[in-house]
Protein chains: 2
Amino acid sequence: MNKEKLTVIKIGGNVIDNSENLHNFLEDFHALPGFKILVHGGGKVATDLAKSLGIEATMVEGRRVTDIEMLRIVTMVYAGLINKNMVAQLQARGCNAIGLSGADGNVIKAQKRPVKDVDYGFVGDLHDDSVATGTLESLLRAGLVPVCCAITHDGDSQLLNTNADTIASAVAVAMSPVFDTSLVYCFEKKGVLRDVNDDDSVVREIRAEEFEQLKQDGTVAGGMIPKLHNAFEAIRKGVEAVYIGKADELPALHAARFGTRMAR
Amino acid sequence: MNKEKLTVIKIGGNVIDNSENLHNFLEDFHALPGFKILVHGGGKVATDLAKSLGIEATMVEGRRVTDIEMLRIVTMVYAGLINKNMVAQLQARGCNAIGLSGADGNVIKAQKRPVKDVDYGFVGDLHDDSVATGTLESLLRAGLVPVCCAITHDGDSQLLNTNADTIASAVAVAMSPVFDTSLVYCFEKKGVLRDVNDDDSVVREIRAEEFEQLKQDGTVAGGMIPKLHNAFEAIRKGVEAVYIGKADELPALHAARFGTRMAR
């Protein structure tokens, strides 16, 4: 294939909540060659702000319900405070970042999750046509680096709180016809570990056909199963490779020594 | 001149704080033909949020001082809550809006106001090279409608609170070499009034050479003097015309029946 390379990277609270981790990550992100898109989650700032305002987080079956008050808070914190500070820090390094919610340029349109047993409130689910590939491509080709927060919209004025992992995956899938796209999930471990007690027992590569075997022998268990399932889904839909590893090892990505690589 | 038309419109609290006013304004803004950029101020949401969090607004000589706590609040409210809701509402009307702080795409770089007698805190002043004309032009030509909030950055990671009138004027001036640019200030009156007690006594047009005369005969007095002074400064620097009038009369803009028009 002769397509240009694009890397979509997702970071979560473990990077965002610690200013030194974030500083180092943004340094490494800036150094990454080729086209790139950053997707970030929330971290604990939103929870702290809600607490300061006396707003209780409503949980149903272990999942946060986004009522109208909580939506206001995550919009302020994710799209405002975190996104703009991250963009300003990237600009200081000479990286021409542009912060985006899903409403901006209509880049990510979602639908409010239907109410079944649980009403999750203002939470957005993505569908196959959620991502505006052309607009993101225009921004990339104008020399801009999109930094997407986990707020989307429904196309009918309503902002929606949306899972950042899901956004990263949908963006990578949608960009795959245009770019040779890799998707990188930064999380708290160095990758899929052969031995959970040994941080250095990283499984370097998992092919689609090996996934079943690794589930059966217990190498992939618990919360890792849905993560890897989603990774192979993204690959099935056109993403070249999905990496899962620790943010501070990002510089090793292009030497193929970053975390666990999943591929076709 | 053969340049394409661009309209830069600034709205403030009197439009933003009232959801019906905002709804109507966004409807009219969407209907406006040609390239356009929206610049919005803050409104009272930031003050209300500060109050809820027990943060006192510090005032020095009638001007709000932006300490680090207040900067966090205005970043959340202006760049997050207000900007993203406005963008989502424009998207719902089919207007491909993209919300921007000055850090996004480095579109507006400011410098922290130097401390003289008063330390205004994290307040940004603009200079001649503040606006990234090329990036704004790229966005416009990609079919996007920039919606700028009153948060800028210093290029060294620091976000700064910046006057929205000043941003609108700097953007209009910077875009003038590329577009035939009009600058529109929406405020609470229908324009410059010949008789302050008669809302319909709008002076339709003021030429640069008439400004002195209108100051002398008292038609332009008080807070209108600096407003008009800034308008003529923008015209001197290349803006085609500056309009000042009431947001709800925006549809009359292209029939030249909107507020007071200032021109060379």
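In the block above lies the structure referred to throughout.
Scoring rules and cut-offs
- Residues numbered from 1 in each chain as written.
- Chains lettered and ligands numbered in written order.
- Predicted model: local features only at pLDDT ≥ 70, side-chain atom pairs only at ≥ 80, totals over all residues.
- Heavy atoms only, no water.
- Least-squares fit on C-alpha atoms with pLDDT ≥ 70 in both.
- Contact = heavy atoms within 4.5 Å.
- Buried < 20%, exposed > 50% of the residue type's maximum accessible area, 1.4 Å probe, protein only.
- Helix = DSSP H or I, 4+ residues; strand = E, 2+ residues; numbered from the N terminus.
- Arc of directions from axis to C-beta.
- Salt bridge = Lys/Arg side-chain N within 4 Å of Asp/Glu carboxyl O.
- Axes fitted to C-alpha atoms, helices over the stretch in contact; angles between N-to-C directions.
- Parallel < 35°, antiparallel > 145°, perpendicular 65-115°, else oblique.
- Left-handed = near helix turned anticlockwise from the far one by under 90°.
- Nonpolar A, V, L, I, M, F, W, Y, C, P; charged D, E, K, R; others polar.
- Buried area = accessible area lost by both parts, 1.4 Å probe.
- Polar contact = N/O pair within 3.5 Å; in protein donor to acceptor, adjacent residues only side chain to side chain.

Caption draft 1: The arrangement of the relation of the copies chain A and chain B in detail. For the match of chain A to chain B, the screw axis carries a shift of 0.0 Å, the RMSD comes to 0.0 Å, and the turn is 180 degrees. Each copy turns onto its partner about a two-fold axis. A symmetric contact is evident, with 100% of the interface residues of chain A recurring at the interface of chain B.

Caption draft 2: Spotlight on helix 3 (residues 45-52) of chain B. Residue and element names in this part refer to chain B. For helix 3, the set of buried residues is A46, L49 and A50. Looking straight down helix 3, one finds that the buried residues subtend no more than 100 degrees of arc, so they occupy a single side. Immediately beyond the C-terminal end of helix 3, within one or two residues, lies G54, with a positive phi of roughly 70 degrees.

Caption draft 3: Region of the structure containing the pattern of salt bridges. Summed over the entire model, instances satisfying the criterion amount to 26 salt bridges over all chains. Note that K5 of chain A is salt-bridged to D180 of chain A, the shortest N-O span being 3.3 Å. Here D180 of chain A lies in strand 11 (residues 180-187) and K5 of chain A lies in strand 1 (residues 5-11), a separation of 175 residues in the sequence. Classification of K5 of chain A as exposed rests on a relative accessible area of 51%. Take D180 of chain A: its relative accessible area is 14%, and that puts it in the buried class. Between E212 of chain B and K215 of chain B there is a salt bridge, with the nearest N and O atoms lying 3.1 Å from each other. With E212 of chain B and K215 of chain B both in helix 7 (residues 211-216) and three residues apart, the pair spans about one turn of that helix.

Caption draft 4: Spatial organisation of the packing of helix 3 of chain B against helix 4 (residues 68-92) of chain B. All names here are of chain B. Between helix 3 and helix 4, the least distance of the axes is 9 Å, while the angle of their chain directions is 135 degrees. When the axes of helix 3 and helix 4 are compared, the pair comes out oblique. Helix-helix and strand crossings are classified by hand; for helix 3 and helix 4 the assignment is right-handed. The residues of helix 4 that touch helix 3, namely those facing V45, A46, L49 and A50, are M70, I73, V74, M76, V77, Y78 and L81. Residues belonging to the contact of helix 3 with helix 4 are distributed by class as follows: 11 nonpolar, no polar and no charged.

Caption draft 5: Looking closely at the interface of chain A and chain B. Counting residues at the interface gives 39 residues for chain A and 39 residues for chain B. A combined buried area of about 2800 Å² lies between chain A and chain B, and 70% of that area is made up of carbon and sulfur atoms. Looking at the side of chain A facing chain B, the largest losses of area belong to M76, L81 and K84 of chain A, adding up to 20% of the total buried there. At the surface where chain A touches chain B, the tally comes to two salt bridges. A salt bridge links D104 of chain A to K84 of chain B; the shortest N-O distance between them is 2.9 Å. Counting across the interface, chain A meets chain B through eight residue pairs in polar contact (both at pLDDT 80 or more). Put simply, the parts of the chain that give the side of chain A that touches chain B at least two residues each are helix 3 (45-52), helix 4 (68-92), strand 5 (97-100) and helix 5 (133-141) of chain A. Counting residues per element, the side of chain A that touches chain B draws most heavily on helix 4 of chain A, at 15 residues. When the residues that make up the side of chain A that touches chain B are grouped by side-chain class, the tally is 18 nonpolar, 17 polar and four charged.

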